[in-house]
Structures are given as C-alpha cells and as structure tokens.
Protein chains: 2
Amino acid sequence: MSAPVIVLSHPQLGENIGAAARAMKNFGLADLRLVAPRDGWPNEKAIAMAAGAADIVEAARIFETTEAALADLQLVYATTARERGFAKPVLTPAAAAARLREAHGNGHKTGILFGGERSGLDNQEVSLATAIVNIPTDSFASLNLGQAVLLLGYEWFKAADQTPDLRIDHGPLAKPATGEEMTHLFAHLEDELLKSGFLYPPDKAEAMMRNIRAMLTRGEFTDQEVRTLRGMIVALTRGKHRKQNVTE
Amino acid sequence: MSAPVIVLSHPQLGENIGAAARAMKNFGLADLRLVAPRDGWPNEKAIAMAAGAADIVEAARIFETTEAALADLQLVYATTARERGFAKPVLTPAAAAARLREAHGNGHKTGILFGGERSGLDNQEVSLATAIVNIPTDSFASLNLGQAVLLLGYEWFKAADQTPDLRIDHGPLAKPATGEEMTHLFAHLEDELLKSGFLYPPDKAEAMMRNIRAMLTRGEFTDQEVRTLRGMIVALTRGKHRKQNVTE
C-alpha cells in the first residue's frame, strides 16, 4: 500500500524541510514534493536535519506551482491553522488519516499540502484541496512546519497501527503468574504473617488478608516476581529469627 | 484541571528544551522540570527556540536527580524507544493520555518523563515510573526530544478535545441548503436541460436526471452555492440564446 505524498508549498527554512523528511520516515511516508523552496535546491541544511531520512530529501521533487505538484493526485487535504470563510470540510488529523487510508484502500493517489512558514497556504491553494485539516491546539496555536508534518504522519501511521493500547513487557523469560502461583504466595504469606503476630486480632485477620490479596493482585505479577516475593518472605522471616536469636 | 508535568532528564541541546516548551504550550501543558541539563541553566537557545512559550522555559525548575524531580508526583509515565526486559506495562501515547486524564479527574498529580538525546532514560529511571509509553513508528524510530514531547502533548490535548471529526466551515453567512432549495435547483436545471435538448432520448431522461441529482447532492451545497448555481444556469441559457440569435 502506498502512502500520501507530502507537498510543502513555498517552504523557507531547510531545517524545516529536513525535519519534515525525518518525520515522514518515522511514519512510513516517502514521497516529498516542494513548490518553489525559497532558498533553492538542493539545500544542505535540509539534508543535515533529515538525519536518517536524507534519502527522502535527496529524492524530493521540485515544482514551480502548487497545481503542478498536485497534478496526479486524486485526493488532497490542505493543512491550515486559520479559518477561511468558504465552505470546505474541516477534518481533524485523525479523521483525515482515516479517510486517507480508505482512499489508499481504493487505490487512489493522495497528498497532504502544507504552506510555508511565514503565511501558510493562500486561499487559491486551499481551494485546490478536497478538504482542510486543522490541528486542534490550546490557545497558543503556532506549530512549526516540521511539527505539523510529524503530527499528520503520526496519525497516518496510527490509523493502521496494530499496537495494543497496553502490553506488558515481561522480558524473554517471564510470564504472568497463574492463579495457583498467586494462591501459593498468599498461603505462604498468610502463614508467616500469622506466625509473626501481624494478623491480629484474629477476628480481623480475614479482612486484613483480603486487603493484602487485593493490593498484591493489582500488580499483575509475573511468575518470576512471585518467586522473588516468596524469597523475600523467606529471607525476612529468617532475618527475624536471627534477630530474635540475638536478642534472646 | 491541572496538566501533567513534563520532566526532561539530562537534556543536552537548548534547542530541544525550547521545542519541548513550545509543544507544551501548544497543548496546554505548563510545568517543565529539567534534571541536570548538560549545558547549564538558564539557556539562551532554549528561550529562543521556545518562541511564544518562553514563559514556560523561564519558569522551568532544575533538579539534581530524577527522584527529586518526581518526588511530588503520584503517577509517572516514562517514554522509551527501547524494550527494557523487565515487566512494566507499555502504553501507546493515546492510552497513556486517557489514563492521565483519568488520574487528573481523580485529583492526582502526574508527570511524563523523557530521557536525554544521547541515550534516553536509564533502567533505574524507568523503574521509577508506573508504566512505559512507547511511540509506535515505522522501522526508522529515531524521534527527537522535542518531537516526542509534541506527540505526548498532542495526545493529552486530544484526549479531552471536543472538535468534531468533520465540520464544514460555511463562513458567517452561508448555511447548508434545504431540501426545498435543492428541489428547486433540480427543477430549474431539468427544465433548462429539457429545453436545450440535453436530456435525450426521452426514455433516458429520468435516469440522466437521477445521476445528475446524485452528483450534485454529494457536494452538500450551501444556500449561497445553490443561488450561485441557479445564476450560472440563467447565465448559460441566456448566453445560448444570444449565440443562437447571432447564428440565426
């Protein structure tokens, strides 16, 4: 599956072109197009800032007009911060990313259009796009060009990313403890706590153990961690006996 | 409602500290803490790069150790790119943001911990955190520090943002056309197309108009746009009569 083309119209700073390329590479985009970059082309600062994405900068294509840069694209979203006062759908980055994925699923060529640092896209350029993408921000809304490309690239990648919301990195050897391992841990602990006099008075012991089980279950321990805890109980009770031996 | 504290451990470049502050301001974060910044403090490059967020840089607090920077926080997420091999929940930025919002809803103080540019967080620092946040990327995973702060800030903001996925910016005067306005447009158009001979042969006229209505409905026109279209029909038919007058 291909990915959207990133079109930067009249970009000014090579650093921002490079940062945009780096963000593209982070999120699986590759086709960079520049409309009349202010400082000419090639641009050494763009290559330096791109770091591991210098290949994207070097393969960038240069166009004289925005129309020419968009000529082969079938769906184009224009990123703008300002309201434009003409009827144009305005999408969040996530909604735009979902629609771009749909378009790519239908085999369409797409692009995302960004304006230059000083004044963004002009109305003529915005009118070429199917819809506007607006990045929601707090009252301080000034995002730099590389950051805007980063956020759109991030949403594009995320729209197809399968990473679970939560995973536990147990390492190569550990796995979540079983119910039996936890039961044995609790039995061991309860036994030692009874012997030590911690579970006192006796009519409160059951409620105390229930709270301790709740507290220890919440951590979703691994088998290795349960073994560590049991080793700690053994060591602490031995230490206690040693100390008692000394003081006796 | 307060917002998470951003803690940068051993940051190196003032530019990245400034970019982090700017990203914080974009997304409604304000409390910046630095653990042993390499180039000392204050840092002119941080203030320059922060642009409109210089106030956040100037209010940043400096700590000697990560433990001290996190001392008052009740929930801390550590951002890392590398797997750590110890059992620690790993969250996506969006899932972390949702959990941070929940914690703030419960009145808890939270923070997000970022490592320095060269080697990120060490294992000791990661072990201080409740969970790890990992930004999913394509195979090129190198995000710069300011970009990582931007993405976490963006997800924090987004988690409570009410912007609809799609809105139409009709401008101050226009509103979506009503069914009646569209019906009158279609009647006007059909009348003129019949007179002009476009809807031919007659047994195909109904299907042709159906396709035209489908095409024109898809654009979700405003009342102003419907008036413009009707004006265009009037102008075009007048033009045709004029031309006919000339050739007759």
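Owing to the predicted nature of the structure, the values given are computational and were not obtained by experimental measurement. (Residues numbered from 1 in each chain as written. Chains lettered and ligands numbered in written order. Predicted model: local features only at pLDDT ≥ 70, side-chain atom pairs only at ≥ 80, totals over all residues. Heavy atoms only, no water.)

Section: unusual backbone geometry
Cis geometry is adopted by the peptide bond preceding A:Pro201, which originates at A:Tyr200 and carries an omega value of 0°. Along the chain, A:Pro201 turns up in the loop between helix H8 (179–196) and helix H9 (202–217). Note that the residue after B:Trp41, namely B:Pro42, is joined by a cis bond; omega there is 0°. Mapping B:Pro42 onto the fold places it in the loop between strand E2 (32–35) and helix H2 (44–50). One non-glycine residue with positive phi stands out, namely A:Ala51, at about 50°. (Helix = DSSP H or I, 4+ residues; strand = E, 2+ residues; numbered from the N terminus.)

Overview of the packing of aromatic side chains
Remark: the centre distance and the inter-plane angle together describe each pair of aromatic rings, the angle taken between the planes. This structure, assessed with the given rule, holds five aromatic pairs over all chains. With a centroid separation of 5.7 Å and 70° between ring planes, the pair formed by B:Phe27 and B:Tyr154 is classed as edge-to-face. In this pair, B:Phe27 is assigned in the loop between helix H1 (14–26) and E2 and B:Tyr154 in helix H7 (residues 145–158), connecting sequence segments 127 residues apart. For the pair shown, B:Phe27 and B:Tyr154 are each scored as buried. Relative to B:Phe157, the ring of B:Phe27 has its centre 5.9 Å away and its plane inclined at 50°; by these criteria the two rings are tilted. Residue B:Phe27 is located in the loop between H1 and E2, and its partner B:Phe157 is located in helix H7; the two are separated by 130 residues in the primary sequence. Just as B:Phe27 is buried, B:Phe157 falls in that class too. Here the aromatic cluster, defined as three or more aromatic residues joined through ring pairs, consists of A:Phe27, A:Tyr154, A:Phe157, B:Phe27, B:Tyr154 and B:Phe157. The cationic tip of A:Arg101 hangs over the ring face of A:Trp156; the distance from NZ or CZ to the ring centre is 3.5 Å. (Phe/Tyr/Trp six-rings, centres within 6.5 Å; stacked < 30°, edge-to-face > 60°. Buried < 20%, exposed > 50% of the residue type's maximum accessible area, 1.4 Å probe, protein only. Lys NZ or Arg CZ within 6 Å of the ring centre and 35° of its normal.)

Details of the sheet that holds strand E1 (residues 5–9) of chain B
Picture the strands of a sheet paired through backbone hydrogen bonds; they go either parallel or antiparallel. Spatial strand order, E8(A)-E5(B)-E7(B)-E4(B)-E6(B)-E1(B)-E2(B)-E3(B): eight strands in an open sheet with mixed pairing. The strands lining the two open edges of the sheet, one partner per strand, are strand E8 (166–168) of chain A together with strand E3 (61–63) of chain B. The mean angle between the axes of side-by-side strands here comes to 30°, regardless of whether they run parallel or antiparallel. The sheet contact formed by strand E4 (residues 75–79) of chain B and strand E6 (residues 110–114) of chain B spans four bridges and is parallel. The residue of E6(B) that forms the bridge with B:Ala78 is B:Leu113. (Pairing = 2+ DSSP bridges. Axes fitted to C-alpha atoms, helices over the stretch in contact; angles between N-to-C directions.)

As for the nonpolar core
A:Leu8, A:Leu32, B:Leu8 and B:Leu32 are the most contacted members of the largest nonpolar core, which totals 76 residues. Those residues in contact with A:Leu32 that lie beyond four places of it in its chain are A:Ile6, A:Leu8, A:Ile17, A:Ala21, A:Met24, A:Ile56, A:Ala60 and A:Arg61. (Core = buried A, V, L, I, M, F, W, Y, C linked by side-chain atoms within 4.5 Å. Contact = heavy atoms within 4.5 Å.)

Looking at the confidence of the model for chain A
Of all residues in chain A, 93% attain a pLDDT of 70 or more, and the chain-wide mean is 91. Here the complex is predicted with pTM 0.85, and the ipTM for its interfaces comes to 0.83. (pLDDT = per-residue confidence, 0-100.)

Some points on H1(B)
For H1(B), built from 13 residues, the straight-helix expectation of 18 Å at 1.5 Å per residue is met to within 8% by its first-to-last C-alpha distance of 18 Å. H1(B) sits mainly inside the fold: eleven of its 13 residues count as buried. Every buried residue belonging to H1(B) is among B:Gly14, B:Asn16, B:Ile17, B:Gly18, B:Ala19, B:Ala20, B:Ala21, B:Arg22, B:Ala23, B:Met24 and B:Asn26, and all of these are buried. Against helix H7 (145–158) of chain A together with E1, E2, H2, helix H3 (54–58) and H7 of chain B lie the buried residues of H1(B). After H1(B) finishes, the residue B:Gly28 shows a positive phi value of roughly 80°. (Expected span 1.5 Å × (residues − 1).)

Some details on the pairing of strand E4 (residues 75–79) of chain A
Residue and element names in this part refer to chain A. Along E4, five of the five residues are buried, which leaves the element largely enclosed by surrounding structure. Bridge analysis of E4 against strand E7 (residues 131–133) gives three bridges, and the strand direction is parallel. Note that in E7 the partner of Ala78 across the bridge is Ile132.

Here's the deal with the environment of A:Lys88
All names here are of chain A. When you line up the elements, Lys88 lands in the loop between E4 and strand E5 (89–91). Taking the C-alpha atoms as reference, Lys88 lies 8.9 Å from Ala129; in sequence the two are 41 residues apart. Side-chain polar atoms of Lys88 contact the backbone oxygen of Ser127, separated by 3.4 Å. (Polar contact = N/O pair within 3.5 Å; in protein donor to acceptor, adjacent residues only side chain to side chain.)

Overview of the packing of helix H5 (residues 93–105) of chain A against H7(A)
Residues and elements named next belong to chain A. Two numbers describe how H5 lies on H7: the axes approach to 8 Å, and their chain directions differ by 55°. In terms of orientation, H5 lies oblique with respect to H7. Viewed along their axes, H5 and H7 form a crossing whose handedness is right-handed. Contact with H5, carried on its side by Pro93, Ala94, Ala97, Leu100, Arg101 and His104, involves Leu152, Glu155, Trp156 and Phe157 of H7 and no other residues of that element. Looking at the contact of H5 with H7 residue by residue, the class counts come to seven nonpolar, one polar and two charged. (Parallel < 35°, antiparallel > 145°, perpendicular 65-115°, else oblique. Left-handed = near helix turned anticlockwise from the far one by under 90°. Nonpolar A, V, L, I, M, F, W, Y, C, P; charged D, E, K, R; others polar.)

Focus on the relation of the copies chain A and chain B
Each copy superposes on the other: chain A lies on chain B with an RMSD of 0.1 Å after a rotation of 180° and an axial shift of 0.1 Å. Expressed as an axis order, the relation between the two copies is that of a two-fold axis. When the interface residues of chain A are mapped onto chain B, 100% of them are again interface residues, pointing to one common binding face. (Least-squares fit on C-alpha atoms with pLDDT ≥ 70 in both.)

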